[in-house]
Structure formats: structure tokens, C-alpha cells
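Now for the letters of each chain:
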Amino acid sequence: EPEVTQTPSHQVTQMGQEVILHCVPISNHLYFYWYRQILGQKVEFLVSFYNNEISEKSEIFDDQFSVERPDGSNFTLKIRSTKLEDSAMYFCASSVLDSYGYTFGSGTRLTVV
Amino acid sequence: AQSVTQLGSHVSVSEGALVLLRCNYSSSVPPYLFWYVQYPNQGLQLLLKYTSAATLVKGINGFEAEFKKSETSFHLTKPSAHMSDAAEYFCAVSDKAAGNKLTFGGGTRVLVKP
């Protein structure tokens, strides 16, 4: 069964550093997403991406965040200057235009120290 | 704005007993509703989805959910719990089939006792 692949599975970074989280969505999917889950809290929507541009973003997705699809297969989330409160599990997801329900990756646990 | 409420952050059931996880939603448009399961240290796996077809939806691993518009509910059930059902379960709502964000409930952690 096709999978959404996220790397790394765990990333530790110092406060103020930039991190890039990597995702390879399912190849025929057209919509891409990032969500995050702070420990003990709800899964929260960050951003959706379609046709090489952001289609929707949440208030969490401020100027320190950016997304990119640098080639035909990768979808990245960059956090420019990490803060302690950015520590969370970050999930990438993708979906087909006319499908229902996303396929999520297994997540990247980001720890900011 | 959409919202999802899952009643009970933790549920404990005996192996072989009924599993019932409650989900209520609010949406200004006809919703699409989903249940996801998260096993320890893993991602979110789609259990089942409601997309305005049959109100009783069957999913993987013996789970099913019933959409009740009058009650704005989408409760998840499984007739007989198995040890492997121990996980966290999330209800989510979207107002489009795809290309729109999911709003998640707070999750319900299921513990299965032998």
C-alpha cells in the first residue's frame, strides 16, 4: 500500500536554529498538508498546499514557517528560528483530489532544547 | 467554524467487550467525518470515513461508525475489543472531500484489559 514517508523520525535542535522536515507524499496525490501535535494536545492543522502554492494556512503558520515542493516528489516544512514551543510531532499528509481522507506519514518528533 | 468533541479522554474496556467512542461535531455545512487511529509511536491511520453516502460506515479492524445528523454525532463502535485495539482514536471533521483542513477532536485513549 502506498505510504507517505517522513524523515527524520526524530530531530533534536537548539533553540534559534533552522530545521527542515522532509516528506515524500504519495506519488499521484495532489494536495499536501502539515499538521502538528504538541504532546498531550490535539492534532492541529498548519498548512495545505496545492498546485505549487499554499491553499490554506492556520494562525499557527506564521512567518517562521514555510513550505516548499522543491522537486516532483518532496514536500518540506521549514522552521526558521525554532522556539521551545515548537517541540511537537509534525505530520505530513497527502490526498488525491477526489478522494476522501488523507494518508498521513508516521511523523517527525521535533525536540527543541 | 468546525469543531469536534470527543467525550472521554480515556476509555478502559475488557477484552471481548463492546468498544464505544463518542464523537460530536459542529459544522455549518454537511460534514465529512473521519476516525483515525494512532498506535504508540506511529502515525495516524484512517479507520473509516463518512462522505454523505450510507450513514452506517464500516471500517478496518471490525470498527464501524454511525452518522446521526439529528444528534450531530459520529460514534465509533466495535462489538468485541481485542488487545491490539489499544491505541488513541481521533475523530475529525472536514467540510470538503479533499483539499481542506481536518479539525480533530482531542482524542480518546483506549486501554484493553485482559
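Residues numbered from 1 in each chain as written. Chains lettered and ligands numbered in written order. Predicted model: local features only at pLDDT ≥ 70, side-chain atom pairs only at ≥ 80, totals over all residues. Heavy atoms only, no water.

## Some thoughts on the side chain of Arg36(A)
All names here are of chain A.
Here is step 1 of the chain: When you line up the elements, Arg36 lands in strand 4 (residues 31–37).
Here is step 2 of the chain: The buried category is assigned to Arg36, whose relative accessible area is 10%.
Here is step 3 of the chain: Setting aside residues no more than four positions away along its own chain, Arg36 makes contact with Lys42, Val43, Glu44, Leu46, Ile60, Phe65, Glu85, Asp86, Ala88, Met89 and Tyr90. (Helix = DSSP H or I, 4+ residues; strand = E, 2+ residues; numbered from the N terminus. Buried < 20%, exposed > 50% of the residue type's maximum accessible area, 1.4 Å probe, protein only. Contact = heavy atoms within 4.5 Å.)

## Examining the state of the cysteines
A covalent bond between the sulfur atoms of two cysteines is what we call a disulfide.
Residues and elements named next belong to chain A.
Here is step 1 of the chain: Across all of its chains, the model carries two disulfides over all chains by this definition.
Here is step 2 of the chain: In this model Cys23 forms its disulfide with Cys92; the gap between the sulfur atoms is 1.9 Å. Because the sign of the S-S torsion sets the handedness, a value of about -65° for the bond joining Cys23 and Cys92 places this disulfide among the left-handed ones. Here Cys23, found in strand 3 (residues 19–24), pairs with Cys92, found in strand 9 (residues 88–95); they are 69 residues apart in sequence, far enough to count as distant. Each member of the pair, Cys23 as well as Cys92, is classed as buried. (Disulfide = S-S within 2.5 Å.)

## Considerations on the confidence of the model for chain B
Here is step 1 of the chain: Residues at a pLDDT of 70 or more form 96% of chain B, whose mean pLDDT is 90.
Here is step 2 of the chain: Mean pLDDT values over the elements of chain B span from 91, in strand 5 (residues 44–50) of chain B, up to 97, in strand 8 (residues 73–78) of chain B. (pLDDT = per-residue confidence, 0-100.)

## Digging into the nonpolar core
Here is step 1 of the chain: Formed by 26 residues in total, the largest nonpolar core has its most connected members in Trp35(B), Leu47(B), Leu48(B), Phe74(B), Leu76(B) and Tyr89(B).
Here is step 2 of the chain: For this core, the secondary structure elements donating two or more residues are strand 3 (19–26), strand 4 (32–38), strand 5, strand 7 (64–68), strand 8, strand 9 (87–94) and strand 11 (108–113) of chain B.
Here is step 3 of the chain: Core analysis: the second largest hydrophobic core is formed by 23 residues, Phe65(A), Val67(A), Tyr90(A) and Leu110(A) among them. (Core = buried A, V, L, I, M, F, W, Y, C linked by side-chain atoms within 4.5 Å.)

## Remarks on the sheet that holds strand 7 (residues 65–68) of chain A
Residue and element names in this part refer to chain A.
Here is step 1 of the chain: Read across the sheet, four strands follow the order 1-3-8-7 without closing on themselves; strand pairing throughout is antiparallel. The open sheet has two free edges, formed respectively by strand 1 (5–7) and strand 7, since each of these has just one partner strand. Taken over all neighbouring pairs, the strand axes of this sheet differ in orientation by 20° on average, direction set aside.
Here is step 2 of the chain: Pairing analysis gives five bridges linking strand 3 to strand 8 (residues 75–79), with the strands arranged antiparallel. Opposite Ile20, over in strand 8, you have Lys78 as the bridge partner. (Pairing = 2+ DSSP bridges. Axes fitted to C-alpha atoms, helices over the stretch in contact; angles between N-to-C directions.)

## Considerations on unusual backbone geometry
Residue and element names in this part refer to chain A.
Here is step 1 of the chain: That bond from Thr7 to Pro8 is cis: its omega, -10°, falls within 30 degrees of zero.
Here is step 2 of the chain: Summarising the element assignment, Pro8 is placed in the loop between strand 1 and strand 2 (10–13).
Here is step 3 of the chain: Phi angles above zero are rare outside glycine, and Asn52 is one such case at about 65°.
Here is step 4 of the chain: Its location among the elements puts Asn52 in the loop between strand 5 (43–50) and strand 6 (53–57).

## Focus on the interface of chain A and chain B
Here is step 1 of the chain: Contact residues are listed per partner, giving 19 residues for chain A and 21 residues for chain B.
Here is step 2 of the chain: Glu56(A) is the salt-bridge partner of Lys101(B), the closest N and O atoms lying 3.9 Å from each other.
Here is step 3 of the chain: Here chain A is connected to chain B by three residue pairs in polar contact (both at pLDDT 80 or more).
Here is step 4 of the chain: Looking at the side of chain A that touches chain B, the elements that each hand over two or more residues are strand 4, strand 5 and strand 9 of chain A.
Here is step 5 of the chain: When residues of the side of chain A that touches chain B are assigned to their parent elements, the largest contribution, four residues, is made by strand 4 of chain A. (Salt bridge = Lys/Arg side-chain N within 4 Å of Asp/Glu carboxyl O. Polar contact = N/O pair within 3.5 Å; in protein donor to acceptor, adjacent residues only side chain to side chain.)

## Considerations on the pairing of strand 9 of chain A
Residue and element names in this part refer to chain A.
Here is step 1 of the chain: In terms of residue burial, strand 9 counts as a mostly covered element, since eight of its eight residues are buried.
Here is step 2 of the chain: Residues Ala88, Tyr90, Cys92 and Ser94 line one face of strand 9 and the alternating positions Met89, Phe91, Ala93 and Ser95 line the opposite face, and both faces are buried.
Here is step 3 of the chain: The pairing of strand 4 with strand 9 spans seven bridges and is antiparallel. Looking across to strand 9, one finds that Tyr33 is bridged to Ala93.
Here is step 4 of the chain: Across three bridges, the pairing between strand 9 and strand 11 (residues 108–112) is antiparallel. Across the sheet, residue Tyr90 finds its bridge partner in strand 11, namely Thr108.
Here is step 5 of the chain: Pairing geometry for strand 9 and strand 10 (residues 103–104), over two bridges, is antiparallel.

## So, the environment of Gly105(B)
Here is step 1 of the chain: Structurally, Gly105(B) is set in the loop between strand 10 (103–104) and strand 11.
Here is step 2 of the chain: For Gly105(B), a relative accessible area of 0% gives the class buried.
Here is step 3 of the chain: When the C-alpha positions of Gly105(B) and Ser3(B) are compared, they lie 7.4 Å apart, and in sequence the two are 102 residues distant.
Here is step 4 of the chain: Every residue in contact with Gly105(B), bar those within four places of it in the chain, is listed here: Lys42(A), Val4(B), Gln6(B), Phe90(B) and Cys91(B).

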